[in-house]
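Summary of structural features
Given next are the chains, with one letter for each unit.
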Amino acid sequence: MLDTLLFVSKGEIPQEITQVIKSAGFLNIQRVTNGSEARRMLGAQPFSMVIINAPLEDEFGSDLSLFALDNNITNVILLVKSDIREAVESKLESNGVLVLPKPVSLLLLMKSLSIFRAMNERFENLLKKNRKLEDKIEELKLVDRAKCALIIHEHMSEEDAHKHIEKTAMNQRRTRKEIAKAVLDIYE
């Protein structure tokens, strides 16, 4: 997911911008020409970055930028004419949309993409840690339910039920979660 970028523009992507995007590490670039196509793409697959070159064929692009933020774990850069940048930025900045003036400075674009890429990597690492913690919590819940089942049905103490699950897992070379599920299958 870290290398996918959606470029939304009614015109082609200028070669120098493509080079900047690729040098920032976004190797998978997909381009669409309007907001409705972009919404379909955003619903079909994850993108780590969306660049919108406003205005589009069917809308300006500010609503699309908010849609992208609400429906994806992504970063959004909105390119607008320099004379309206401040007005657009005041409406979108608090939502996390980076508004850059056109013609865009390649150095500014490169720096922005690099920062977003680094933020994405940190965010991905946090998501992985969160998933691990959620799995651990799920395992603890299952083991606790299994211990309760053993306490009720086998008249074990909590300590004995805990030791039983641990020992069975070790002897059968299975996880505590698997043993807890097996115990619950028997008693629930």
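None of the values given here were measured: they were computed from a predicted structure. (Residues numbered from 1 in each chain as written. Predicted model: local features only at pLDDT ≥ 70, side-chain atom pairs only at ≥ 80, totals over all residues. Heavy atoms only, no water.)

1. Quick word on a nonpolar patch on the surface
Together, I73, F123 and L126 line one region of the surface with nonpolar side chains, adding up to about 280 Å² of accessible area. Assessed through its relative accessible area of 37%, F123 is described here as partly exposed. (Patch = residues over 30% accessible without salt bridge, like charges linked within 9 Å, V, L, I, M, F, W, Y side chains within 5 Å. Areas by Shrake-Rupley, 256 points an atom, 1.4 Å probe, with all protein chains shown as cover. Salt bridge = Lys/Arg side-chain N within 4 Å of Asp/Glu carboxyl O. Buried < 20%, exposed > 50% of the residue type's maximum accessible area, 1.4 Å probe, protein only.)

2. Side note on the packing of aromatic side chains
Tallied over the full model, the rule gives zero aromatic pairs. In this arrangement the basic side chain of R39 is found over the ring face of F67, its NZ or CZ atom lying 5.2 Å from the centre. The residue whose ring lies beneath R117 is F26, and the NZ or CZ to ring-centre distance is 5.6 Å. (Phe/Tyr/Trp six-rings, centres within 6.5 Å; stacked < 30°, edge-to-face > 60°. Lys NZ or Arg CZ within 6 Å of the ring centre and 35° of its normal.)

3. Side note on helix α3 (residues 62-71)
Within α3 the residues assigned to the buried category are L64, S65 and A68. Down the axis of α3, the buried side of the element spans an arc of 105°, and every buried residue falls inside it. Exposed positions of α3 whose direction lies more than 90 degrees from the buried face are D63 and D70. Check the buried side of α3 and you find it contacts β1 (4-9), α2 (35-44), β3 (49-53), β4 (75-81), α4 (85-92) and β5 (97-102). (Helix = DSSP H or I, 4+ residues; strand = E, 2+ residues; numbered from the N terminus. Arc of directions from axis to C-beta. Contact = heavy atoms within 4.5 Å.)

4. Some details on the sheet that holds β1
The strand order across the open sheet built from five strands is β2-β1-β3-β4-β5, with neighbouring strands paired in parallel fashion. Pairing within the sheet leaves two strands with one partner each, and these edge strands are β2 (28-32) and β5. With strand direction ignored, the average angle separating the axes of adjacent strands in the sheet is 20°. In this fold α4 packs onto β4 and β5, with an angle of close to 175° to the strand it touches most, β5. (Pairing = 2+ DSSP bridges. Axes fitted to C-alpha atoms, helices over the stretch in contact; angles between N-to-C directions.)

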